[in-house]
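Coordinates in review
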Amino acid sequence: MAVAEAQLYAKVSSKHRSRSTSALLEPLLAKGFPAHIAQKALVATGQKTIEDAAKWLHSHCNDPSLDDPIPQEYALYLCPTGRLHSRLQDFWKESKRQCGKNRAHEVFPHVTLCDFFTCEDQKVELLYDILKRVGDSFSQSFPPSISLTLHASPSYLGFFIDDSQANVLKEFAVAFSSEASALADCHVKPSLKQFHLTLAHRFYPHHQKTLEQLAKCINPGEPCQWVAALYSRDMRFVHYQRLRALFQYKPQNIDELMINAGDLIYVDPTQQCDVSEGWVIGTSHRTGCRGFLPENYTEKAHESDTWVKHREYVFESASRSFTTTGKEPKVKLNGEAHNPSTPRSVTNVLSLQNTALRRGVLVMRHGERVDQVFGKSWLQQCLTSDGKYYRADLNFPSSLPRRKDSMKQFECDPPLSCCGIFQSRLIGEALLDQEVTVSYVYSSPALCCVQTAQHMLQGLKLNQKVKIRVEPGLFEWTKWEASRAIPNFMTVAELVEASYNVDQSYRGNCPLSSLVPSESYEDYVSRSSAVIKQIITACLSKGKGVILIVGHGSSLAPLTRALTGLPSRDSGNFTQMVRKIPSLGMCFCEELNEENKWQMVNPPVKTLTHGANAAFNWRNTIMED
């Protein structure tokens, strides 16, 4: 047992436990469930219905922590509803698309009244009564409308609440915390800081201007009804990451976790160091069970996705008129006057902002290589006794391109598998479907990268129009080369002879002779930064369109972070990060209206996810008993 969990057990075990016999609890007791487990199920489902609690109990029948006495943590938030909430959600979505995720995206729009506190399961109903009683006592004094003022700094963006109205909210929070502390034996602390509704937090400073522009599209005077809502979370997983399952996974081994599409998984980042590449170990929010699961079956979820909403108190606001008056201030967006009172969502402004986008850079890892499937000795499996290549498995390429030196050089410069060829062409077709205009293609000199670029261009139907520029500076971090030497790549002439659409006139920014074995991480980052800047400069005056760069798993972070002005990642976790990048994993950067300013946004196409397919021997499997 972890030290933190042991402290939680000790804290809870020392408290006196009373028993409640609520209307929801009695039917569960009648079915034979122990009182503490039945109460746990009710709390975990927000004490809504017997059916929800019974379903939770059924799902958690194998939960090793079912008998644990650790209670939930609770928080009281003031949340907007109605049109203001819709506008805030539009902002959330668009700010994430344009600037990436920041800390504010983890939780829905809210004003914190009382931060998280613990409450024993059998006393949670007292919190419901307290919320209603305190809400009733403040219903007449609650502000008919709440004035919100936009505040911005290099790391924070949000609305501040007017002091006179904030004082009423603070009195409400103090009253709730006082009664909860006295009646439910909870240590509740009301929020006494400046009351605010956060829009963005802990973002990169160069995103501030874009975020502010989006925030000014929100009219804080939109119709809104405010509710005081009580939420809970599992205190054991406060510092864990949350993943959402995209697909069902049925365990193949006893230590693997069964997941259904939509399941939420708690993952402790500190426990992933010794986990095999492509896997994570996590705990299911739905079942409480723990085990290994494939990481590419999941996506990142928000912190509040695992929270439970218990009760809310709706503050009835006085009827107000929302007609526009000539005195209301106007805000300029991209030079166009805009009245904040005029109904206009964040997404309505996209037509203005999209005109500011000029070019794009799509950086991606190559497709599946043969050695990733068949191991480093793949070539030995495909050579006859007289040294000729043959196809030992349908996932091997039908033939290898001709090269002047020994075929053995393919061991350090392996080609794509047949699945890798299919993957690359499929991504190209998807880009074509999205009407992505690729104007330039740059590739690492590694054969798998050149082949990926070639088959993507075929999918894009550009293989006769756009040539591949082989750039040695795009080769991966040389420290990872197993041979401790730079591979002997195929020459441009050999690639052309093998029918690859390579630009013979292109001269690389970084000569092949400049690549040194076992370079330092700092030298690799510096090389990547120099190459991406030289590529952008070379394409700067030649019109719009997307620059496609096909490199390695190690290429994505240093190229895109240098382009967007972000600092390089710490070398300590770089390897762990690269392991999470699958074949054809990609990042996309768009240029802003300001010359040579870039931001990372969602790629124009979805990811490609598929499962493994092991070799099959019918004789050993079917014939033997």
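On a predicted model such as this, the values are computed, not experimentally measured, just so you know. (Residues numbered from 1 in each chain as written. Predicted model: local features only at pLDDT ≥ 70, side-chain atom pairs only at ≥ 80, totals over all residues. Heavy atoms only, no water.)

1. Considerations on the overall build of the chain
The number of helices and strands found in the chain is 18 helices and 20 strands. On the chain, roughly 30,800 Å² of surface is accessible, and the fraction owed to carbon and sulfur atoms is 51%. (Helix = DSSP H or I, 4+ residues; strand = E, 2+ residues; numbered from the N terminus. Areas by Shrake-Rupley, 256 points an atom, 1.4 Å probe, with all protein chains shown as cover.)

2. Some thoughts on the packing of helix H5 (residues 83–99) against helix H8 (residues 208–215)
Relative to each other, H5 and H8 sit at 155°, their axes nearing to 10 Å. Of the possible angle classes, the one that applies to H5 and H8 is roughly antiparallel. As H5 packs across H8, the resulting crossing turns out to be right-handed. Contact with H5, carried on its side by Phe-91, Glu-94, Ser-95, Gln-98 and Cys-99, involves Thr-210, Leu-211, Leu-214 and Ala-215 of H8 and no other residues of that element. The residue makeup of the contact of H5 with H8, split by class, is 5 nonpolar, 3 polar and 1 charged. (Axes fitted to C-alpha atoms, helices over the stretch in contact; angles between N-to-C directions. Parallel < 35°, antiparallel > 145°, perpendicular 65-115°, else oblique. Left-handed = near helix turned anticlockwise from the far one by under 90°. Contact = heavy atoms within 4.5 Å. Nonpolar A, V, L, I, M, F, W, Y, C, P; charged D, E, K, R; others polar.)

3. Comments concerning the packing of aromatic side chains
When we look at a pair of aromatic rings, we describe it by the centre distance and by the angle of the planes. Throughout the structure, instances matching the rule amount to 28 aromatic pairs. Residues Phe-237 and Tyr-266 carry aromatic rings whose centres are separated by 4.0 Å and whose planes lie at 10° to one another, so their mutual orientation is stacked. You can see Phe-237 sitting in the loop between strand S6 (225–234) and strand S7 (241–245) and its partner Tyr-266 sitting in strand S8 (residues 264–267), a full 29 residues away along the chain. Neither Phe-237 nor Tyr-266 differs from the other in exposure class; each is buried. With a centroid separation of 5.6 Å and 85° between ring planes, the pair formed by Tyr-249 and Tyr-297 is classed as edge-to-face. Here Tyr-249, found in the loop between S7 and S8, pairs with Tyr-297, found in the loop between strand S10 (290–294) and strand S11 (298–300); they are 48 residues apart in sequence, far enough to count as distant. In textbook terms, an aromatic cluster arises when at least three aromatic residues are bridged by ring pairs, as seen for Tyr-77, Phe-108, Phe-116, Tyr-231 and Trp-307. Between the NZ or CZ atom of Arg-233 and the centre of the ring of Phe-116, over which it lies, the distance is 3.6 Å. The ring centre of Tyr-128 lies 4.1 Å from the NZ or CZ of Arg-311, which sits over that ring. (Phe/Tyr/Trp six-rings, centres within 6.5 Å; stacked < 30°, edge-to-face > 60°. Buried < 20%, exposed > 50% of the residue type's maximum accessible area, 1.4 Å probe, protein only. Lys NZ or Arg CZ within 6 Å of the ring centre and 35° of its normal.)

4. Looking at the pattern of salt bridges
Here the structure, examined in full by the defined rule, presents 23 salt bridges. A salt bridge links Arg-233 to Glu-73, with the nearest nitrogen and oxygen atoms 2.9 Å apart. Of this pair, Arg-233 sits in strand S6 while Glu-73 sits in strand S1 (residues 72–81), and the two are 160 residues apart along the sequence. Linking Glu-120 and Lys-123 is a salt bridge whose minimum nitrogen-to-oxygen distance equals 3.9 Å. The exposure class assigned to Glu-120 is buried, which follows from its relative accessible area of 6%. Residue classification places Lys-123 among the buried positions, given a relative accessible area of 14%. (Salt bridge = Lys/Arg side-chain N within 4 Å of Asp/Glu carboxyl O.)

5. Concerning the sheet that holds strand S4 (residues 156–161)
With respect to topology, 3 strands assemble into an open sheet ordered S3-S4-S5, the strand pairing being antiparallel. Since the sheet does not close on itself, it has two edges, and those belong to strand S3 (148–153) and strand S5 (196–201), each with one partner. The sheet shows a mean angle of 20° between the axes of neighbouring strands, taken without regard to direction. By the bridge criterion, 5 bridges tie S4 to S5 in an arrangement that is antiparallel. By the bridge assignment, Phe-159 is partnered in S5 with Leu-197. Helix-sheet contacts for H8 involve S3, S4 and S5, and the interaxial angle to S3 is about 170°. (Pairing = 2+ DSSP bridges.)

6. Brief notes about the side chain of Thr-287
Structurally, Thr-287 can be placed in the loop between strand S9 (279–284) and S10. Using a relative accessible area of 9% as the deciding quantity, one classes Thr-287 as buried. Sequence-distant contacts of Thr-287, defined by excluding residues within four places in its chain, comprise Ser-59, His-60 and Asp-63.

7. Comments concerning the sheet that holds S1
Taken in spatial order, the 4 strands make up an open sheet running S2-S1-S6-S12, and their pairing is antiparallel. For this open sheet the edge positions go to strand S2 (111–119) and strand S12 (308–314), each flanked by a neighbour on one side alone. Mean inter-strand twist for the sheet, computed between neighbouring axes without regard to direction, equals 20°. Inspection of the sheet shows S1 paired to S6 by 10 bridges, in the antiparallel sense. Bridge pairing in S6 links Ala-75 to Tyr-231. Along the sheet, helix H3 (residues 35–44) contacts S1, S6 and S12; its crossing angle with S12, the most-contacted strand, is approximately 60°. Here helix H6 (residues 124–138) sits on the sheet and contacts S1, S2, S6 and S12; the angle it forms with S12, its principal contact strand, is near 20°.

8. What about the nonpolar core?
Ranked by internal contacts, the top residues of the largest apolar core, which has 59 residues, are Val-361, Tyr-442, Ile-547 and Ile-549. A per-element tally of this core places helix H15 (residues 521–539) first, with 8 residues. Membership of the second largest hydrophobic core comes to 53 residues, among which are Leu-127, Leu-148, Phe-172 and Val-188. (Core = buried A, V, L, I, M, F, W, Y, C linked by side-chain atoms within 4.5 Å.)

9. What to know about helix H17 (residues 571–579)
Listed in full, the buried residues belonging to H17 are Phe-574, Met-577 and Val-578. Viewed end-on, H17 has its buried residues packed into an arc of 95°, placing them on one side of the element. If you follow the buried residues of H17, they end up packed against H15 and helix H16 (556–564). (Arc of directions from axis to C-beta.)

10. Observations regarding the environment of Asn-613
With respect to the helices and strands, the residue Asn-613 is situated in the loop between strand S20 (598–601) and helix H18 (618–623). Expressed as a C-alpha distance, the spacing of Asn-613 and Val-373, which sit 240 residues apart in the sequence, is 9.7 Å.

11. Things to note about the confidence of the model for the chain
Residues at a pLDDT of 70 or more form 88% of the chain, whose mean pLDDT is 86. For residues 6–21, every residue scores under 50 in pLDDT, and the model assigns this stretch 29 contacts once sequence neighbours within four places are set aside. Long-range and interchain partners of residues 318–357, a stretch whose pLDDT sits below 50, account for 67 contacts in this model, where long-range means more than four residues apart. (pLDDT = per-residue confidence, 0-100.)

12. What to know about the environment of Leu-447
Looking at the element boundaries, Leu-447 is found in helix H13 (residues 447–460). Residue classification places Leu-447 among the buried positions, given a relative accessible area of 1%. It is 9.7 Å that separates the C-alpha atoms of Leu-447 and Pro-401, two residues lying 46 residues apart in sequence.

13. Brief notes about unusual backbone geometry
A negative phi angle characterises most non-glycine residues, just as the trans form characterises most peptide bonds. In this model, Ser-499 sits at a positive phi of 75°, which is unusual for a non-glycine residue. As for its placement among the helices and strands, Ser-499 is situated in the loop between helix H14 (492–497) and H15. Of the residues examined, Ser-499 reaches a relative accessible area of 59% and is grouped as exposed. In this structure, Ser-518 is a non-glycine residue whose phi angle is positive, near 55°. Note on placement: Ser-518 falls in the loop between H14 and H15.

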